[in-house]
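Results of the structural survey
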Amino acid sequence: MAKNLKAFLKGNAAPIADVEVVVSDRFKDENGDVVPWTVRIIRPGENDDLMKEATSSKFMPRSGMYASKVDMNRYLKALAITSTVEPDLNDKDLQDSYGVLSASDLLDEMLTAGEYNEYLKQLQKINGFDVSFDDKVDEAKNS
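Owing to the predicted nature of the structure, the values given are computational and were not obtained by experimental measurement.

1. Details of the overall build of the protein chain
For the protein chain, the helix and strand inventory stands at seven helices and five strands. Overall, the protein chain shows an N-to-C arrangement of helices and strands of α-β-β-α-β-β-α-β-α-α-α-α. Across the 143 residues in the protein chain, those meeting the buried criterion constitute 24%. Taking the intrachain contacts of the protein chain between residues at least 6 apart in sequence as the baseline, contacts between residues at least 24 apart amount to 49%. Split by element, the accessible area of the protein chain, about 10,400 Å² in all, is 52% carbon and sulfur.

2. A few points about the sheet that holds strand β2 (residues 37-39)
The three strands lie next to each other as β1-β2-β5, forming an open sheet whose pairing is antiparallel. Two strands in the sheet have a free side with no partner beyond their single neighbour: β1 (19-21) and β5 (84-86). Geometrically, the sheet is characterised by an average inter-axis angle of 40 degrees between neighbouring strands, direction not taken into account. Pairing between β2 and β5: two bridges, direction antiparallel. Counterpart to T38 in the pairing with β5 is E86. Sheet strands touched by helix α3 (residues 72-83): β2 and β5. Its angle to β5, the strand with the most contacts, is close to 35 degrees.

3. What about a nonpolar patch on the surface?
Taken together, the side chains of L5, F8 and L9 make up a nonpolar region of the molecular surface, amounting to roughly 320 Å² of accessible area. Position of L9 relative to the elements: it lies in the loop between α1 (5-8) and β1.

4. A few points about the pattern of salt bridges
The full count for this structure, using the stated rule, is four salt bridges. Where R26 meets E115, a salt bridge forms, and the shortest distance between an N and an O atom there is 2.9 Å. Of this pair, R26 sits in the loop between β1 and β2 while E115 sits in helix α6 (residues 113-126), placing them 89 residues apart in sequence. On the basis of relative accessible area, R26 is assigned to the partly exposed category, the value being 45%. The salt bridge involving K77 is made with D108; its shortest N-O contact spans 2.7 Å. Linking K77 in helix α3 with D108 in helix α5 (residues 103-110), this pair joins segments that are 31 residues apart in sequence. Here K77 falls in the buried class, since its relative accessible area comes to 13%.

Rules used throughout
- Residues numbered from 1 in each chain as written.
- Predicted model: local features only at pLDDT ≥ 70, side-chain atom pairs only at ≥ 80, totals over all residues.
- Heavy atoms only, no water.
- Helix = DSSP H or I, 4+ residues; strand = E, 2+ residues; numbered from the N terminus.
- Buried < 20%, exposed > 50% of the residue type's maximum accessible area, 1.4 Å probe, protein only.
- Contact = heavy atoms within 4.5 Å.
- Areas by Shrake-Rupley, 256 points an atom, 1.4 Å probe, with all protein chains shown as cover.
- Pairing = 2+ DSSP bridges.
- Axes fitted to C-alpha atoms, helices over the stretch in contact; angles between N-to-C directions.
- Patch = residues over 30% accessible without salt bridge, like charges linked within 9 Å, V, L, I, M, F, W, Y side chains within 5 Å.
- Salt bridge = Lys/Arg side-chain N within 4 Å of Asp/Glu carboxyl O.

Here you go:
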């Protein structure tokens, strides 16, 4: 076994931990302290599934081919729902308290537009989507 291969074995890899983020300063505990949300990092297969769910295909008669289009708003909403551990966006009591029937609608009711956009930015950063591949190549070249 190669010397460096051991570092990549599952038992030697650091676990992927959940992350706490402050989504809004409006959510406070009984002591008045801001309560962070807990989010998890998604796996590549989960991301693929979210992308597929947000992708539609349309037949283009002129070319005789299909064109695919990703609805980024739909994808990002699914990313937020999938990544959010706490609060549990599927909790019936929480949904009932906001008068909604889905995790998607719950996010819309719980957060302001600015809070939601900031949350999406944080989720993208946590999942490593904030730096493009080209940026990583440039960084490696400059190192």
